[in-house]
Amino acid sequence: MAGFDDDEDEVTGGTGTVGTGLLGGGLPAVVQAASVVVQAPVGTTLGSIPNPRPPAGDGELTPQEQEALTACKAGMNNLQTAFWVAGKSLETMKTGNLHRNEGVPNFGDYVMDTWEVSESQTHRLMDAWRIGEALAAMGWTPREAQIRELTDVRNESGDQAAVAVYDTVARSVRRVTAKLLSEVVRELPPLPRQASSADVRKLVQEILAARAAATAASQTSPTGVPASNGGVPNITSIGKEPTGENSPIGESGSEPSNPKGSGDSGGDDIRRLAAALDDLRGVERRLSKPAVKRALAHDSERTEALMKQIDEALNRIGRTIAVRRTDA
């Protein structure tokens, strides 16, 4: 997109004035008569990226190849950070009405006509740039999709709360994903306006710790034996002391399951129960009181209908388990 490229800019100065570079000291400048041409950083323009060409060989990179790799990596890094640069640019233009002489009075129409960026995307970029800038100063390079998942936190408690969520997650896991951020945000309780970063960090750490514990538990069978263990214990050891009697697993009649060692149907049923337990634990991780409260606030009628169906399903599961215990 043209709006994301930094072409060479001309900065007018006095004749003979030696330029000090962008922001007064960073980049070299070339004096040309009465103007100073600021060279764009490598990776920010198409001209700074070498053209594709076959490798020079199979061994170490040549100096030219290393230079090309550095430029290409800079270009990809710019792709990850361009969204907050664009967001700040958009807000600066809109706030100052800087487009007023461009022939398109409406700012949304101006952005669409010039850069083919929709109005909704324009607002997302403007909403995100402060978070992106703060995280960049901390050494992180979040993607736009990741920042988008922090919108609810930002709207509820401000930019610093959103920054605290991302920073805490990034320091706690090997790889941050939009999906993980979305799940963490869903589990957060309602936050006060301008919640402190310390409070937000503590809440996020508790959520991540609970998720880690749940993941570890899901990798262990109901008897505490790791799921990778080849032996399947007798069902009588689950939830009560063994009595030496055969336990009915899923049968509707009075005949018990085959005892361990006389067939595999009992083992299949145990594995079926363990799989069902894993499913239920997954459901438990996806549900939280804050999520239910937000859903009720958003659409109470639909949420209450879903809650009723969930409650009915849980009651049916409870009755099924109760019957099996009675039969035992």
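As the structure is a prediction and not an experimental result, all values here were calculated from the model.

**Describing the pattern of salt bridges**
Working step 1: For the coordinates displayed, the defined rule picks out nine salt bridges.
Working step 2: The residue K88 makes a salt bridge to E133 at a minimum N-O spacing of 3.5 Å. Pair noted here: K88 is in helix α1 (residues 63-95) and E133 is in helix α3 (residues 119-137), with a separation of 45 residues, a long-range link.
Working step 3: Given the relative accessible area of 38%, K88 is considered partly exposed.
Working step 4: On the basis of relative accessibility, which here comes to 38%, the residue E133 falls in the partly exposed class.
Working step 5: The partner of E144 in a salt bridge is R148, with the nearest N and O atoms 3.6 Å apart. Taken together, the positions of E144 and R148, both in helix α4 (residues 144-148) and four residues apart, correspond to about one turn of that helix.

**So, the nonpolar core**
Working step 1: Ranked by size, the top nonpolar core spans 37 residues in total, and within it L150, V153, V165, V169, V184, V200 and V204 carry the most contacts.
Working step 2: In terms of residues, this core owes the most to one element, helix α6 (residues 159-172), which gives eight residues.
Working step 3: Apart from residues no more than four positions distant in its own chain, V165 is found in contact with L150, V153, V184, L188, V200 and V204.

**Here we look at α6**
Working step 1: Over its 14 residues, α6 extends 20 Å from the first C-alpha to the last, a length consistent with the 20 Å expected when each residue adds 1.5 Å.
Working step 2: Buried residues dominate α6, accounting for ten of its 14 residues.
Working step 3: What α6 keeps buried is the set A161, A162, V163, A164, V165, Y166, D167, T168, V169 and A170.

**Here's the deal with α1**
Working step 1: When the terminal C-alpha atoms of α1 are compared, their 46 Å separation across 33 residues agrees well with the 48 Å that a helix rising 1.5 Å per residue should span.
Working step 2: The largest bend in α1 is about 50 degrees, located at T81.
Working step 3: Residues E65, A68, A71, T81, A82, F83, W84, A86, G87, L90, E91 and M93 constitute the buried set of α1.
Working step 4: Those residues of α1 that are buried lie in contact with α2 (107-115), α3 and α4.
Working step 5: Positioned one or two residues after α1, N97 has a phi angle of 50 degrees, which is positive.

**Structural notes on the packing of helix α7 (residues 178-187) against helix α8 (residues 197-218)**
Working step 1: It is the contact of α7 with α8, at a shortest axis distance of 10 Å, that shows an interaxial angle of 110 degrees. Relative to α8, the element α7 lies roughly perpendicular. The hand of the α7/α8 crossing is right-handed. Packed against α7, whose contacting residues are L180, E183, V184 and E187, the element α8 presents V204, I207, L208 and R211 at the interface.
Working step 2: For the contact of α7 with α8, the residue count by class is five nonpolar, no polar and three charged.

**Observations regarding the packing of aromatic side chains**
Working step 1: Enumeration according to the criterion identifies three aromatic pairs in this entry.
Working step 2: Their ring planes at 45 degrees and their centres at 6.4 Å tell us that F107 and Y110 sit as a pair that is tilted. Of this pair, F107 and Y110 are both found in helix α2, three residues apart, which corresponds to roughly one turn of the helix. Y110 shares its class with F107; the two are buried.
Working step 3: Among the aromatic side chains, those forming a connected cluster through ring pairs are F107, Y110 and W115.

Quick notes on the rules
Residues numbered from 1 in each chain as written. Predicted model: local features only at pLDDT ≥ 70, side-chain atom pairs only at ≥ 80, totals over all residues. Heavy atoms only, no water. Salt bridge = Lys/Arg side-chain N within 4 Å of Asp/Glu carboxyl O. Helix = DSSP H or I, 4+ residues; strand = E, 2+ residues; numbered from the N terminus. Buried < 20%, exposed > 50% of the residue type's maximum accessible area, 1.4 Å probe, protein only. Core = buried A, V, L, I, M, F, W, Y, C linked by side-chain atoms within 4.5 Å. Contact = heavy atoms within 4.5 Å. Expected span 1.5 Å × (residues − 1). Bend = angle between axes of the 7 residues up to and from the residue. Axes fitted to C-alpha atoms, helices over the stretch in contact; angles between N-to-C directions. Parallel < 35°, antiparallel > 145°, perpendicular 65-115°, else oblique. Left-handed = near helix turned anticlockwise from the far one by under 90°. Nonpolar A, V, L, I, M, F, W, Y, C, P; charged D, E, K, R; others polar. Phe/Tyr/Trp six-rings, centres within 6.5 Å; stacked < 30°, edge-to-face > 60°.

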